[in-house]
Amino acid sequence: MRTRRLLATLGLATIVGLGGADVASAVEGAPPPGEGGAPPAEPIEHSAEECIHILEGGGAIDDCQEAPNPILPELNELIWGAASFLVLLGLLSKLALPGLRQSMDARSERIRNSLDEAERARTEAEAVLAGYQRQLADAKAESGRIIEEARQSADSVKADLLARAESEAEEQRRRNAEQIAAERDRVMSELQSQVAVLAIEMAERVVESNLDRDANIRLIENYINAVGNGSGGPDGAGGQKAGAGSRPRQAPEGNPS
Amino acid sequence: MPAMPSLALEFPPVSHVTEWPSIFGGDGPLAVNKVVILMWISVALVFGLFYAASRKRSLVPRGVQNFAESIWDFVRDGIVMQTIGPEGLKFMPLLVMMFCFIFVTNIWEVIPVAQMPVNARIALPAYMAVLVWLIFNVVGIAKQGLFGYLKSVCFPPGVPKALYILVTPIEFVSTFIVRPLSLSVRLFANLLAGHLLLVSFIVITAALFTVGPGLAIWPFSFALLVGLTGFEVLVAVLQAFIFTILTAVYIAGAMHPEH
Amino acid sequence: MELLHVLAQQEPGELAEGLTAVGRGIVYGAAAIGPGIGIGIVVGNAITAMARQPEAAGMVRTTMFLGIAFTEALALFGFVLSFIVAG
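Predicted model only: the values in this text are computed from it and were never measured. The numbering scheme is per chain: residues are counted from 1 as the chain's sequence reads. Just so you know, chain letters begin at A and ligand numbers begin at 1, following the order they were written in. Totals for whole chains, interfaces and linings use every residue, but because this is a predicted model, local features are given only for residues with pLDDT of at least 70 and side-chain atom pairs only at 80 or more, for both listing and counting. The side-chain quantities take in all heavy atoms of the structure and omit both hydrogens and water.

Caption draft 1: Region of the structure containing the confidence of the model for chain B. All names here are of chain B. Scored from 0 to 100, pLDDT reflects the predictor's confidence in each residue. Per-residue pLDDT for chain B averages 87, and the proportion of residues at 70 or more is 95%. Across chain B, the element-wise mean pLDDT spans from 76 in helix 1 (residues 14–18) up to 94 in helix 4 (residues 92–107). Predicted confidence for residues 1–6 stays below pLDDT 50, and this span has five contacts to residues more than four positions away or in other chains. If you check the scores for this complex, the pTM reads 0.67 and the ipTM reads 0.86. A run of DSSP states H or I qualifies as a helix once it reaches four residues; a run of E qualifies as a strand once it reaches two. Both are numbered from the N-terminal end. Whether two residues touch is decided by their heavy atoms; if any such pair falls within 4.5 Å, the residues are in contact.

Spelled out as structure tokens, the structure:
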């Protein structure tokens, strides 16, 4: 910190010192007084100094009043200035600036190209993306369609199957009913034919074993039980008859279904 | 030292702070003095900057190339495009070179050891103003023809007929006489005034540093000197910019007459 | 001191020199009045414009410097004229 401040002070002092030296050198730069001129101890004013020089150069005393005017260009500075300007212009426009401009143009061209390239790539990618999205949407629609189709066909199959099953069941039921009816008819007719036989047999047995009244009654009851709709199964000898009697009992059960 | 040591303020006359004796080359038209040497160094600096920048040519500009390219961009976007438009791009080398050259020749004002703005001598500004005068007149004549150009200069449209008695001489004088005069005098006088200002404050500061009681106000004088040095840097940039943009404005006026 | 010197010696050349200095001062001072006011107006209006439209500040600043340059030229003519008067 301190060294920096010191350096800054030194630098400024140098500037001021050089500035002073600058003015001094400018002053000294003026033509020096004549060799055998005024004694050095006596200070000479600048105007006097100039005047002495002019007089030495063979000028009149009035020339001392006409200080060189700063707004008139010096010929040598004009020539050198023009030469510097033209030389610099020529050098720059021939050697330096075309290269600079070329590199700048090349860069902007390159940047423009890469921007165009990026733009193109972006458009391309967008197109590809749109394509993919379209394909995806297509695939989705396709799969939906397939699923729907499958569902529809499944529905139709189901309906078909149901209808068929129902019709089959109906057919079955109808056949069963028919069968049952036929069976019943057959059983009934068989029963009818057997009733006659059995009645004759019963009569035969009644006649044969007319031993006691109780036996008769029991016999008749058994028979009636066996033939009719008796709920209690016939026991003993009536067991064999009960097997035959159980068949007609199925018909009333099958009918309600 | 003058006879009065208590007041060592001896302002050198103007001729002594701006006129420099010949160093070599005699006293003739080819005499080389400090100003001419500064011109040479300026040419070398500007050319060196742009030459180095054009040699490197890397894709990503750095250092000197970046600097040169930002100058180019500044002149193109800040000066040419705003005044002439795209067709003024062919004047880019002239304007870039003018801007840089004027700036470098100006900035010698505050560079230690040199401390002499080249443009505080009227020679270079006068030459450049004459050159600009030639350029914009040639451009105007080439674009509009001699009579068309004179007509567009002297008879600006949209003015009542009777006023042309007044307007035409004013326009003629202001375009063909005042323009180059003001262009050169503006640059020259700004730099000369700045140089005189700096010299005055340097003399005052140096004088106060040696005198006993005056030392109390020396810091203020010194601070003002530092501030003025900064101000002169601003002036150097600004005058280069103004000279260049006025050149562009004059060329633009000759290219596109007011409708 | 300079004035005393002039008065004491009464040399016509020195008197003329002194008057020339006075003339220079008057020429430059008079020439600086108008441009001083003018630059004030230019900068003041530029500041108003920049405050109203900060986004246009760059353009306004450039134009302001141009206006200053045109106005300032008059003062500089005076400055140069003071040398012509002296010569």
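Caption draft 2: Geometry of helix 3 (residues 63–83) of chain B. Residue and element names in this part refer to chain B. The span you would expect from a helix comes to 1.5 Å times its residue count less one. For helix 3, with 21 residues, the first-to-last C-alpha span of 29 Å sits near the 30 Å given by 1.5 Å per residue. To get the bend at any residue, fit one axis to the seven residues that end at it and another to the seven that begin at it, then take the angle between the two axes. Its maximal kink placed at Arg 76, helix 3 deviates by approximately 30°. Among the residues making up helix 3, those that are buried are Gln 65, Ala 68, Glu 69, Ile 71, Trp 72, Val 75, Gly 78, Ile 79 and Val 80. Immediately downstream of helix 3, the backbone of Gly 85 shows phi near 100°, a positive value. Buried means the residue's accessible area, taken with a 1.4 Å probe over protein chains only, is under 20% of the maximum for its type, while exposed means over 50%, and partly exposed covers the values in between.

Caption draft 3: Up close: the interface of chain B and chain A. Each partner contributes residues to the interface: chain B has 64 residues there, and chain A has 49 residues. Between Lys or Arg on one side and Asp or Glu on the other, a salt bridge is scored when a side-chain nitrogen of the former is within 4 Å of a carboxyl oxygen of the latter. Between chain B and chain A we count three salt bridges in total. Here Glu 74 of chain A and Arg 121 of chain B are joined by a salt bridge, their closest N and O atoms 3.8 Å apart. Any pair of nitrogen or oxygen atoms within 3.5 Å is treated as a polar contact; in protein, a donor-acceptor pairing is required on top of that, and neighbouring residues in sequence qualify only through side-chain atoms on both sides. Linking chain B with chain A are six residue pairs in polar contact (both at pLDDT 80 or more). Elements that contribute at least two residues to the side of chain B that touches chain A include exactly helix 1, helix 2 (34–56), helix 3, helix 4, helix 5 (123–144), helix 7 (164–210) and helix 8 (218–255) of chain B. Counting residues per element, the side of chain B that touches chain A draws most heavily on helix 2 of chain B, at 12 residues.

Caption draft 4: How the structure looks around the packing of aromatic side chains. Two rings from Phe, Tyr or Trp (for Trp, the six-membered ring) form a pair when their centres sit within 6.5 Å of each other. Planes less than 30 degrees apart are called stacked, planes more than 60 degrees apart edge-to-face, and all others tilted. Applying the stated criterion across every chain yields a total of 14 aromatic pairs over all chains. With a centroid separation of 5.7 Å and 40° between ring planes, the pair formed by Phe 74 of chain B and Phe 241 of chain B is classed as tilted. Of the two residues, Phe 74 of chain B is situated in helix 3 and Phe 241 of chain B in helix 8; the sequence distance between them amounts to 167 residues. Residue classification places Phe 241 of chain B among the buried residues on the basis of a relative accessible area of 8%. Consider the rings of Tyr 28 of chain C and Phe 79 of chain C, whose centres lie 5.9 Å apart with planes at 80°: the pair is edge-to-face. Here Tyr 28 of chain C, found in helix 2 (residues 12–52), pairs with Phe 79 of chain C, found in helix 3 (residues 57–86); they are 51 residues apart in sequence, far enough to count as distant. The class of Phe 79 of chain C is buried, set by a relative accessible area of 12%. Taken together, Trp 80 of chain A together with Phe 24 and Trp 40 of chain B form an aromatic cluster joined through their ring pairs.

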